[in-house]
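Reading the structure
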Amino acid sequence: MREFIQFTLGGISFGMVYAAIALSLVLIWRGTRILNYSQGAMAMFTTYIAFTVIGHTGSYWAGFAAALAAGLVLGALIERTVIRPVENKPPLNAVVITIGLLVFLEGLAGIIYGGQYRSFPAAFSITGLRAGSLALGISRNDVFVACAVLAAALGLAVLFRYTSAGLRLRAAAFNAYAARLLGVRVGRVLTLGWALAGLIGALAGVLVSPDTFLYPASMDSIFVLGFTAAVIGGLDSPVGAVVGGLILGVALNYVGGYLGSNLVPIFGLAALIVILMFRPSGLFAASTSRQV
Amino acid sequence: MADQALLAVEDVVAGYGGVLALRGVSLSVRPATITAVLGANGAGKTTLLTTISGFIRPRQGRITLAGADLTRRRPEEIARAGLAHVPEGQGVITELTVEENLRLGALWRHGSAGRSEALADACQRFPLLAAALNRSAGTLSGGERQILVIARALMARPRVLLLDEPSLGLAPKIVAQIMSLIRRLRDENGLAVLLVEQNARSALNIADRGVVLNLGRVVAAEDAPVLAADVGLRKHYLGF
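Let me begin by describing the structure that accompanies this report. Keep in mind that what you see is a predicted model, and the values were worked out from it rather than measured. (Residues numbered from 1 in each chain as written. Chains lettered and ligands numbered in written order. Predicted model: local features only at pLDDT ≥ 70, side-chain atom pairs only at ≥ 80, totals over all residues.)

A look at the overall build of chain A
Check the secondary structure of chain A and you find 11 helices and 2 strands. For 292 residues, the compact-globule formula gives about 19 Å, and the C-alpha radius of gyration of chain A, at 19 Å, lands near that figure. (Helix = DSSP H or I, 4+ residues; strand = E, 2+ residues; numbered from the N terminus. Rg over C-alpha atoms; globule rule 2.2 N^0.38 Å.)

See the structure below:
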């Protein structure tokens, strides 16, 4: 029982990181119907930027802020330059482009920073918390991770529901044709969508890098699991992304805890295969059909 | 000044891939008038509106609004120039509520005060929508959706309204309401309306001018009463 609690709580932290990646993927998928294979690599790159800023200033939070800002800029930049030309082309073009971007970013990071594993600081203490004599399996930093991603998800929800920018984002995603007729500059809206996705991805990067260490390929497996979480939740559903992330994070922690940590990657991929085989539209698939 | 054409289409040639749907169409629409565009299926009526609103680029010709050249502009920029296009099949965004659909229409034009005012105007003019503001737009009936898209197009106070078959699939009573609404928009708001209709009879009833298209060309452009009285023309192109 005690182990169960520890494994459950311990899975939440990683689960929220998967949820963040999943959220970024869902944002881009809903807006542009593109699966951004470079989402993890973008997050790795912005984490390197944080790493550099922390190195120069000695301040974690300066690095944190720099990563988020870089995420916004990188997302917008990528959409405007590299993605815009393939938005209305066959889907394969976007696949090739985003995979190419992934290779490019990882190569660039390698050139600039080298391939060695860097240690990246955590925001708060990583000592395990206790409730009385019970070791809970999570640390203060884990709580921060969960809260940060939750805050980002809620922030997005508020943005979408209550602001004009959010209304434009939704309209452009649901029916770009009708949105254009109403004067919505769909191009700019999509840039904003990618910028937000870059922001959330950057958040995931700084939150997980203390655990994974920072190196050019450090976000690869996180990306795969984030993608799995997005598929579990349903690529169209932001709520599904968060729930999918949590389910996956906790489930994988059970696997690691009860069965052994070397089985975790296998189970992650197995989960992806199972979902794609039996419920490819995800748990929270939208019931209304999408207008083409 | 009011006599000048507000919207002018000059010798426009346009089509899809290898098929030319418009083969040199010219027409003009004055402020506070209704111009009906009539003709059989495939005559080019919808292509005409789609080209004016910027989704199809003309291969030749010019389109101007109050003198400003719209010919190669993007659809969203043309909408922001004051031209509202209500396409066939309505374009209601069913995943949004009625209020969100309306607000979307007002976004580019107004600040937040203006948006609330425009929404209040829409509610006053269309009590049907006022009662349904928080409902998902997908729950509206065909006639209600038609009212919604017209109201939504009006939120930005356009100068020109392009309507593509607003009566399609609707009961005669609703069609009458919509036609009467269009007439009021011309009379009360001074709107210039370009109305594409298969239902030539209803259209000519409210129109000031009529333009008949056939196979991508204009075969007649007259004042509406003249067109309606021309039995030969009516039988040949309009079916009544």
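Describing the sheet that holds strand S4 (residues 60–65) of chain B
Residues and elements named next belong to chain B. Taking strand neighbours across the sheet as the criterion, the 4 strands line up as S2-S1-S4-S5 in an open arrangement whose pairing is antiparallel. At either margin of the open sheet sits one strand with a lone partner, and together these are strand S2 (19–29) and strand S5 (68–69). Note that strand S1 (residues 7–16) and S4 share 5 bridges and pair antiparallel. Residue Val 13 lies in a different strand from S4, and its bridge partner there is Gln 60. Against the sheet, helix H1 (residues 45–52) makes contact with S1, S2 and S4, and its axis sits at roughly 70° relative to S2, the strand it touches most. (Pairing = 2+ DSSP bridges. Contact = placed C-beta atoms within 7 Å. Axes fitted to C-alpha atoms, helices over the stretch in contact; angles between N-to-C directions.)

Observations concerning the packing of helix H1 (residues 2–32) of chain A against helix H5 (residues 140–162) of chain A
Residues and elements named next belong to chain A. Close contact between H1 and H5 brings their axes to 8 Å; oriented N to C, the two are set at 30°. By the criterion of interaxial angle, the relationship of H1 to H5 is roughly parallel. Two packed elements cross with a definite hand, and for H1 against H5 that hand is left-handed. Contacts from Ile 12, Ser 13, Met 16, Val 17, Ala 19, Ala 20 and Leu 23 of H1 reach H5 at Asp 142, Val 145, Ala 146, Val 149, Ala 152, Ala 153 and Leu 156. For the contact of H1 with H5, the class distribution of residues is 12 nonpolar, 1 polar and 1 charged. (Parallel < 35°, antiparallel > 145°, perpendicular 65-115°, else oblique. Left-handed = near helix turned anticlockwise from the far one by under 90°. Nonpolar A, V, L, I, M, F, W, Y, C, P; charged D, E, K, R; others polar.)

A short note on the interface of chain A and chain B
Listed as interface residues are 17 residues of chain A and, on the opposing side, 21 residues of chain B. Sorting the residues of the side of chain A that touches chain B by element identifies helix H6 (164–174) and helix H7 (176–181) of chain A as the ones contributing at least two each. Top contributing element to the side of chain A that touches chain B by residue count: H6(A), with 6 residues.

A closer look at the sheet that holds strand S3 (residues 34–38) of chain B
Paired through backbone hydrogen bonds, the strands of a sheet run either parallel or antiparallel to each other. Residues and elements named next belong to chain B. Strand order in the open sheet formed by 6 strands is S6-S7-S8-S3-S9-S10, with mixed pairing between adjacent strands. Two strands close off the open sheet at either side, each with one partner strand: strand S6 (83–86) and strand S10 (217–223). For this sheet, the mean angle separating the axes of adjacent strands, direction not counted, is 15°. Where S6 meets strand S7 (residues 160–164), 4 bridges bridge the pair, whose relative direction is parallel. Paired with His 85 across the two strands is Leu 162, which belongs to S7. Here helix H7 (residues 172–189) sits on the sheet in contact with S3, S7 and strand S8 (192–196), set at roughly 155° to S8.

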